[in-house]
Amino acid sequence: MNAVVILLVGILILAVAYVTYGRWLAKQWGVEPNKKTPAHELEDGKDYCPAKAPVLMGHHFSSIAGAGPINGPIQAAVFGWVPVMLWVLIGGIFFGAVHDFGSLFASIRNKGQSIGEVIADTMGRKAKKIFLVFSYLTLILVVAAFASIVANTFTATYTEGGAVDVAASSANASTAMISILFIVISIIFGLLVYRRNASLLVSTIVGVLAIVVCMVIGMNFHPLYLDSTAWMVIVGVYILIASVTPVWILLQPRDYLSSFLLYFMMIVAVVGIIGAAIMGQANMDIPAFTGFVDNAQHGVGTSLGMLFPALFITIACGAISGFHSLVGSGTTAKQLDKETDARPIAYGGMLIECVLAIISLCAVGYIWKQYVPDGITTPTAVFATGISQMCATIPFLKGAESVIYSMLILAVSAFCLTSLDTATRLARYMFQEFWLNPGEDVREASGYKKVLTNPYVATVITVVLGIGLGMTGYANVWPLFGAANQLLAALSLMAVAAWLGKIGKNNKMFFIPMAFMLIVTITSLCQTIINNFKNISANTDAVWSGVRLVIAVLLVILAIVITIDSIKTLITQRKEKKA
């Protein structure tokens, strides 16, 4: 199959979906251009702060994307390009984009609070508490994983004698230096745009040029060579400060500027794919379909097992991801300037992520014969290798393959840091909301609740738990994250459907996605329960198998409890509507 055909057909279908289905959803839900958003109604200059649509798009897209739409499609490619392409398009248009748009819309109509508050409004306090506990634990796992990933990206390599291997560590030290300089530029950008009222266009041009300068400096001057523990502590201090700092100082400007790295990465990829096609070298060796059990036994990729449910768990970002509902209803909803910005930012942002997933599919397809054990298997490396090799087929880019590869790796690393402090801020919101009654504001809390809902207290607890887990073994429970994330998506779909039903809006577009995602996650969790029970019986990694077994059982119970509450709510609403 030709990579450019897959890419262009995918982009065309997604563009048509945005114009038609996205617009229809906005009309069905009653999106109003002149309705005051929480960013204006509750503006506090810290969390609630109106942002220009392009700036907020940068934050939202940077936060939801990260490495997810690269990792998932590349790993799931063991089933062939057709299943991946179909799930990205069908899942993205009718599942993920609806999920993201609906979550953001429900949040802005509920004071910019999380999906937990939406659940409290429709299904009661018990369901809200369960959802918030589940979401918070999921985010702690995200913080632990991304902190570890970022720290490892910065960590120096040491010789057997304990000395720093400068040659082997220079790439990591360079990435660390660029990341630090990038934070400084973001703060300056925020001060200029939000306090000096500088032109967004002029500031953007200067900011992008500054990013280039940062990269040049970082690649030539990188004096920081630290071990993993030191970087974990530094990352912990950074996210502690970043997640309580007013969004206009760091969150908005950094995510906005970092989005240009992502746009650059996608533009380079599109140029590479189209250029390779023009040069007659865009054919992919990847099979259309390898079977309902992955073909890892033939020496390709890594084993995922059965197509159902593995495909739908592995490809989350790029099709549907529960983490997106937390971003949309956590930070984005508190910065939305106008309700009409919700469609391009949430629905459109998800579809752009689908494009990145398709690009990732093209990348792994192009180097399919190299995607083997003891070859190139790390998804980020697969992506960078495939795109840089396609770019190298273009005559004027032939000598730039290594530079393009390094730039792509750097861009992916930058988004891990972006997602990290967004996840920390979201976890803080969840922790604060847990102690509040439905409809109660943080400023109304008293007694012990006033202490626990204090943003600094909530953040310190979150950072200590996340960084602590990252240092002591998050990888032992990380395999559960895929199912937990998709279960979160199913629960968010249920919550928004119930809320839309309550306010008398059309919610039928949620029924099939929420039922399907629930079946997928329950199936996956049941497989996990069986496998870990076998491990315990065989005394194989018994302790952590027991931990995973308990967590999986709790997740299944959670899903059943909230599903029952959701079904009861939807049935009651239907009876009331008929009456």
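Scroll up for the structure.
The text that follows walks through the structure, step by step, so that each part is easy to find. The structure presented is a predicted model; accordingly, all values stated were derived computationally and were not measured. (Residues numbered from 1 in each chain as written. Predicted model: local features only at pLDDT ≥ 70, side-chain atom pairs only at ≥ 80, totals over all residues. Heavy atoms only, no water.)

### Focus on the overall build of the protein
Next up, step 1: Summing up its helical and strand segments, the protein has 21 helices and zero strands in all.
Next up, step 2: Its C-alpha radius of gyration of 23 Å places the protein within 12% of the 25 Å reference for a compact globule of 579 residues.
Next up, step 3: Dimensions of the protein, computed from C-alpha atoms along their principal axes, come out at roughly 70 × 55 × 55 Å.
Next up, step 4: Sorting the 579 residues of the protein into buried and exposed places 59% on the buried side.
Next up, step 5: For the protein, the accessible surface area stands at approximately 22200 Å², while carbon and sulfur atoms represent 68% of it. (Helix = DSSP H or I, 4+ residues; strand = E, 2+ residues; numbered from the N terminus. Rg over C-alpha atoms; globule rule 2.2 N^0.38 Å. Buried < 20%, exposed > 50% of the residue type's maximum accessible area, 1.4 Å probe, protein only. Areas by Shrake-Rupley, 256 points an atom, 1.4 Å probe, with all protein chains shown as cover.)

### Here's the deal with empty space enclosed by the protein
Next up, step 1: Evaluation of the coordinates by the stated rule reveals one cavity of 30 Å³ or more.
Next up, step 2: Of the voids in this model, the largest cavity is the one considered here, and its volume is about 150 Å³.
Next up, step 3: What lines the largest cavity is a set of 13 residues, and nearest its centre among them are Ile-178, Ser-179, Phe-182, Leu-261 and Ala-414.
Next up, step 4: Contributing elements (two or more residues each) for the lining of the largest cavity: helix H8 (166-194), helix H9 (200-220), helix H11 (251-278) and helix H16 (401-434).
Next up, step 5: Across the lining of the largest cavity, the residue classes break down as nine nonpolar, three polar and one charged. (1 Å grid on protein atoms, 1.4 Å probe; cavity = no way out; pocket = protein on both sides within 12 Å on 5 of 7 lines; lining within 4 Å. Points joined across faces, edges and corners; volume = space filled by probe spheres on them. Nonpolar A, V, L, I, M, F, W, Y, C, P; charged D, E, K, R; others polar.)

### Topic: the side chain of Ser-329
Next up, step 1: Within the fold, Ser-329 resides in helix H13 (residues 322-330).
Next up, step 2: In this structure Ser-329 comes out as buried when scored by relative accessible area, which is 0%.
Next up, step 3: If near-sequence neighbours (up to four positions away) are discounted, Ser-329 is found in contact with Ser-103, Ser-107, Gly-112, Gln-113, Ser-114, Ile-115 and Lys-334. (Contact = heavy atoms within 4.5 Å.)

### A word on the environment of Gly-272
Next up, step 1: Examined against the element boundaries, Gly-272 turns out to sit in helix H11.
Next up, step 2: What makes Gly-272 buried here is its relative accessible area of 0%.
Next up, step 3: Once residues lying within four places of it in the same chain are set aside, the contact partners of Gly-272 are Met-390, Cys-391 and Ile-394.

### Overview of the nonpolar core
Next up, step 1: Residues Tyr-347, Phe-383 and Ile-387 are the most contacted members of the largest nonpolar core, which totals 195 residues.
Next up, step 2: Those residues within four positions of Phe-383 in sequence are excluded, and the remaining contacts are Ile-70, Ile-74, Met-265, Leu-356, Ile-359, Ser-360, Ala-363 and Leu-408. (Core = buried A, V, L, I, M, F, W, Y, C linked by side-chain atoms within 4.5 Å.)

### Quick notes on the packing of aromatic side chains
Next up, step 1: Here the structure, examined in full by the defined rule, presents 27 aromatic pairs.
Next up, step 2: Seen from their ring centres, Trp-87 and Phe-516 are 6.0 Å apart, and the 45° between their planes marks the pair as tilted. Note that Trp-87 is positioned in helix H5 (residues 81-108) and Phe-516 in helix H20 (residues 511-537), a separation of 429 residues in sequence.
Next up, step 3: For the pair Tyr-256 and Phe-260, a centre-to-centre distance of 5.2 Å together with 85° between the ring planes defines the contact as edge-to-face. (Phe/Tyr/Trp six-rings, centres within 6.5 Å; stacked < 30°, edge-to-face > 60°.)

### Here's the deal with the side chain of Ser-203
Next up, step 1: Along the chain, Ser-203 turns up in helix H9.
Next up, step 2: Here Ser-203 is in contact with Phe-189, Val-193 and Ala-198, once residues within four sequence places are set aside.

### Description of the pattern of salt bridges
Next up, step 1: Taken as a whole, this structure holds ten salt bridges when the rule is applied.
Next up, step 2: Here Lys-502 and Asp-121 are joined by a salt bridge, their closest N and O atoms 2.9 Å apart. Residue Lys-502 is located in helix H19 (residues 481-502), and its partner Asp-121 is located in helix H6 (residues 115-123); the two are separated by 381 residues in the primary sequence.
Next up, step 3: Looking at Lys-502, the relative accessible area reads 45%, which means it is partly exposed.
Next up, step 4: The shortest N-O distance in the salt bridge between Arg-254 and Asp-421 comes to 2.3 Å. Separated by 167 residues along the polypeptide, Arg-254 in helix H11 and Asp-421 in helix H16 bring together distant segments of the chain.
Next up, step 5: It is possible to trace a salt-bridge network through shared partners that takes in Glu-32, Arg-109 and Glu-339. (Salt bridge = Lys/Arg side-chain N within 4 Å of Asp/Glu carboxyl O.)

### Description of the layout of surface pockets
Next up, step 1: The volume enclosed by the largest pocket comes to roughly 1400 Å³.
Next up, step 2: Taken together, 49 residues make up the lining of the largest pocket; nearest its centre are Gln-75, Thr-314, Trp-478, Phe-481 and Gly-482.
Next up, step 3: Within the residue set of the lining of the largest pocket, elements represented by two or more residues are helix H3 (53-65), helix H4 (68-76), helix H7 (125-154), helix H12 (307-314), helix H15 (379-392), H16, H19 and H20.

### Quick look at unusual backbone geometry
Next up, step 1: Following Phe-308, the chain continues to Pro-309 via a peptide bond in cis, the omega torsion being 10°.
Next up, step 2: On the secondary structure map, Pro-309 appears in helix H12.
Next up, step 3: The backbone of Lys-111 shows a phi angle near 60°, a positive value even though the residue is not glycine.
Next up, step 4: If you trace the backbone, Lys-111 turns up in the loop between H5 and H6.
Next up, step 5: By relative accessible area, Lys-111 is classed as partly exposed at 42%.
Next up, step 6: One non-glycine residue, Asn-197, lies in positive phi territory at about 55°.

### Points about the state of the cysteines
Next up, step 1: Going through the model one piece at a time under the given rule, you end up with zero disulfides.
Next up, step 2: Cys-362 carries a free sulfur, and the closest cysteine sulfur to it, the one in Cys-391, is 12 Å from it. (Disulfide = S-S within 2.5 Å.)

### Looking at the environment of Val-166
Next up, step 1: Position of Val-166 relative to the elements: it lies in helix H8.
Next up, step 2: Between the alpha carbons of Val-166 and Val-244 there is a distance of 35 Å; along the sequence they are 78 residues apart.

### Some words on the packing of H5 against H20
Next up, step 1: Packing of H5 against H20 leaves a shortest axis separation of 10 Å and a crossing angle of 125°. Classified by the interaxial angle, the pair formed by H5 and H20 is oblique. Contact residues: Trp-87, Phe-94 and Phe-95 in H5; Pro-513, Phe-516 and Met-517 in H20.
Next up, step 2: For the contact of H5 with H20, the residue count by class is six nonpolar, no polar and no charged. (Axes fitted to C-alpha atoms, helices over the stretch in contact; angles between N-to-C directions. Parallel < 35°, antiparallel > 145°, perpendicular 65-115°, else oblique.)

### Observations concerning the packing of H3 against helix H14 (residues 342-366)
Next up, step 1: It is at 10 Å that the axes of H3 and H14 come closest, and there the two elements cross at 45°. Looking at the two axes, H3 sits oblique to H14. You can see that H3 and H14 cross each other, and the crossing is right-handed. Contacts between H3 and H14 involve Ala-53, Leu-56, Met-57, His-60, Phe-61, Ile-64 and Ala-65 from the former and Pro-344, Ile-345, Ala-346, Gly-348, Gly-349, Met-350, Ile-352 and Glu-353 from the latter.
Next up, step 2: Of the residues belonging to the contact of H3 with H14, the class tally is eleven nonpolar, three polar and one charged. (Left-handed = near helix turned anticlockwise from the far one by under 90°.)

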